[in-house]
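# Fold and geometry: a report
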Amino acid sequence: MTSTDSTHTVLATVQPRLYLGGQWCPAEEGRTIPVHDPATGQELASVADASVADGLAALDAAAQAQADWAATAPRTRADILRTAFDMVVANTEEFATLITLEMGKPLAEARAEVTYGAEFLRWFAEEAVRVEGRYAVAPDGRSRLLVHKRPVGPSLLITPWNFPLAMATRKIAPAVAAGCTMVLKPAALTPLTTLLLTQVLEKAGLPAGVLNVVTTSSSGKLVSGLLKDPRLRKLSFTGSTEVGRRLLADSASSVLRTSMELGGNAPFLVFDDADIDAAVEGALLAKLRNMGEACTAANRFLVHESVVATFVEQLSSRMAELTIGPGIEPGSQVGPLIDEASREKVHELVEHARRSGAEVRTGGFALDRAGYFYAPTVLTGVDPDARVCREEIFGPVAPVLTFSDEDEAVVLANNTDYGLVAYAYTRDSARSMRLMERLETGMLGMNVGAVSSPAAPFGGVKQSGLGREGGREGIEEYLETRYTGFADPYA
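My aim in this report is to walk through the structure given alongside it, one point at a time. Because the structure is predicted, anything quoted here is derived from the model rather than measured.

### Some points on the sheet that holds strand S6 (residues 143-151)
- Pairing is antiparallel across the open sheet formed by three strands, whose spatial order is S5-S6-S22. Strands with a single pairing partner mark the edges of an open sheet, and in this sheet they are strand S5 (134-137) and strand S22 (479-487). The mean inter-strand angle of the sheet, taken between neighbouring strand axes irrespective of direction, is 20°.

Okay, here's the thing in structure tokens:
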């Protein structure tokens, strides 16, 4: 089968409609949204374009299903998630191909996302049966205290375009495990993978109304309408800090329970005692996963002045050798950015850094070909106040700065409004412990270029967000704690 045949086969399996109350439906007004391949700019498919009324119909279905779903046995919810895990894994190639087509990442990375995303289904299948409370005698001995957990209720889940499978499973799985019904709004740029996942969950036995999916080009209006509805009990959002602030403000009037996974500005620290070869490998992983289009991507490289020359030489050489091309092509290591606007922003940040005195060691240009490709780039002599160090790059650009000692490194690393993740390379275990306590970040990778794990709590501090996804903490975002006081049974 040729790649073109494979593409048509995968696209043909996706149901491009809204999913409301267990039914696949066209949008109320019959409108559609085109979905494009960022490697070519050509249209792949079209999906339903939901209106505000469609969004409210999705919430209607979620609200109607909530009581029965909350009363469903935890083991039943767990079995559905485990079945879905098996089905996703069995269809890895189909999911990976679809991710690559609509998002652009190389197939090898897309397969890794399928593995990672599927694990949330398995992890929360195991957590579904471990929601616990407590019973205690009051300190004065006059009463008994019973604490238990209940599902929060109908939840609005808003996912980004950069990890279309993993960001969906990271929200859907704990909601299902906790007993919450959902309205899911995937990004308009990459809705196809989410729709395929929805079909899998339907086949896995998820009851009608538990998951409702609305694709839309009018996110602001649709989401605003849902946030005003008192039946909605929770909002979980992954995206930019700018949009997150607006959603928090809109959620305040109803004191809505919120989880926010927002922007990042990750520092990557390389100390004078680091294994430079390992640090370069970690840098490539932390910078170029998803072409740099990840909130966990290393955004600033802070390197000790005694090893910066070696580090830059190796990093620049390795980045210059990477194969750039459509992710669907064998051997491609760096795919396109998601759209032209994103590529223009990346180049604007590089040019601003250059005008501020930075030197381009490799890259620094958009490729003259179809699609939205940008050459992997290394910058040195970067001004710490340059926009490339202050803003989330979301592209394959590595600005390098230097420091002279640990205290300066920590100050530079913490000099940001964000605090999602940091990376550090050092052989000094005592320094590792100090960095763990001094760096203002929700996650820290010590001598590793990747930290995400379904078994670990994912999330940040400062303006990188609120709440955690994954780990034992992830299901708590969809549970509320209730307390009952009982009279002394011996009185």
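So, next bit.
### So, the environment of Arg142
- By the element assignment, Arg142 lies in the loop between S5 and S6.
- For the pair Arg142 and Ala487, spaced 345 residues apart in sequence, the C-alpha separation works out to 6.8 Å.
- Excluding residues within four positions of it along the chain, Arg142 makes contact with Ala487 and Asp488.

### Notes on helix H14 (residues 406-414)
- Residues of H14 that are buried: Glu406, Ala409, Val410, Leu412, Ala413 and Asn414.
- By the N-cap criterion, in which a side-chain oxygen at the helix start approaches the backbone nitrogen of a residue two or three places on, H14 is capped by Asp405, the distance to Asp407 being 3.3 Å.

### Re the nonpolar core
- Ranked by internal contacts, the top residues of the largest apolar core, which has 65 residues, are Val88 and Ile172.
- With ten residues, helix H5 (residues 107-127) is the single largest residue contributor to this core.
- Non-local contacts of Ile172, meaning those with residues more than four positions away in its chain, are made with Leu157, Met182, Leu184, Leu197, Leu201 and Leu211.

### Considering the packing of aromatic side chains
- Under the counting rule described, the total for this entry stands at eight aromatic pairs.
- Summarising the aromatic geometry, the rings of Phe268 and Phe301 are spaced 5.1 Å apart at their centres and angled 40° between planes, so their arrangement reads as tilted. On the criterion of sequence distance, the pair formed by Phe268 in strand S12 (residues 266-270) and Phe301 in strand S13 (residues 298-304) is long-range, its members being 33 residues apart.
- On the basis of relative accessibility, which here comes to 0%, the residue Phe268 falls in the buried class.
- Looking at Phe301, the relative accessible area reads 0%, which means it is buried.
- Look at Phe268 and Tyr423: their rings are 5.8 Å apart centre to centre, the planes differ by 35°, and that puts the pair in the tilted class. Taken together, the residues span a long stretch of sequence, with Phe268 in strand S12 and Tyr423 in strand S18 (residues 421-425) at a distance of 155 residues. Across this residue pair, the class does not change: Phe268 and Tyr423 are buried.
- Members of the aromatic cluster, connected to one another through ring pairs, are Phe268, Phe301, Phe311, Tyr423 and Tyr425.
- Directly above the aromatic system of Phe458 lies the positively charged group of Arg170, at a separation of 4.0 Å from the ring centroid.

### Details of the pattern of salt bridges
- What the rule picks out here adds up to 27 salt bridges.
- Through salt bridges with shared partners, a single network forms among Asp273, Glu406, Asp407, Arg431, Arg434 and Arg438.

### Focus: a nonpolar patch on the surface
- Taken together, the side chains of Tyr135, Leu146 and Phe486 make up a nonpolar region of the molecular surface, amounting to roughly 300 Å² of accessible area.
- Judged by its relative accessible area of 31%, Leu146 falls in the partly exposed class.

### Observations concerning the sheet that holds S18
- Taken together, the seven strands give an open sheet; going across it, the order is S14-S15-S16-S13-S12-S18-S19, and neighbouring strands pair in mixed fashion. A single partner strand is all that each edge strand has here, and the edge strands are strand S14 (359-362) and strand S19 (443-446). Adjacent strand axes in the sheet meet at a mean angle of 25°, parallel and antiparallel pairs treated alike.
- Sheet topology note: the S14/strand S15 (residues 377-380) ladder contains three bridges and is antiparallel.

Rules and cut-offs
- Along each chain, residues carry numbers from 1 onward, in the same order as the chain's sequence is written.
- Since the coordinates come from a predicted model, pLDDT governs what is reported: local features require at least 70, and pairs of side-chain atoms require 80 or more to be given and counted, while whole-chain, interface and lining totals use all residues.
- Excluding hydrogens and water, the side-chain figures rest on all heavy atoms present in the structure.
- At least two DSSP bridges between two strands are needed for those strands to be called paired.
- Helix and strand definitions here come from DSSP, where helices need a minimum of 4 consecutive H or I residues and strands a minimum of 2 consecutive E residues; each element is numbered from the N-terminal end.
- To obtain an axis, a line is fitted to C-alpha atoms, over the contacting stretch when the element is a helix, and the angle between two such axes runs from 0 to 180 degrees between their N-to-C directions.
- The contact rule is simple, with two residues in contact once any of their heavy atoms fall within 4.5 Å.
- Per-residue accessibility, obtained with a 1.4 Å probe over protein chains only, is compared with the maximum for each type, and a residue is labelled buried under 20%, exposed over 50%, and partly exposed between these values.
- Two N or O atoms count as a polar contact when they lie within 3.5 Å, although within protein this holds only if one can serve as hydrogen donor and the other as acceptor, and sequence-adjacent residues are included solely when both atoms are side-chain atoms.
- Take the buried Ala, Val, Leu, Ile, Met, Phe, Trp, Tyr and Cys residues and link them wherever side-chain atoms come within 4.5 Å; each set so joined is a nonpolar core.
- Whether two aromatic rings pair depends on their centres lying within 6.5 Å, for rings of Phe, Tyr and Trp, where Trp uses its six-membered ring; planes under 30 degrees apart make the pair stacked, over 60 edge-to-face, and the rest tilted.
- Any Lys NZ or Arg CZ that is within 6 Å of a ring centre and within 35 degrees of that ring's normal is treated as a charge sitting over the ring.
- Salt bridge, as used here, is a side-chain nitrogen of Lys or Arg placed within 4 Å of a carboxyl oxygen of Asp or Glu.
- In this scheme, patches are assembled from residues that exceed 30% relative accessible area and form no salt bridge. Like charges are connected within 9 Å, while nonpolar side chains (Val, Leu, Ile, Met, Phe, Trp, Tyr) are connected within 5 Å.
- Surface accessibility follows the Shrake-Rupley procedure with a 1.4 Å probe radius. Residue values consider only the protein chains on display as shielding.

Everything listed here is a matter of coordinates, which is why it stays silent on function.
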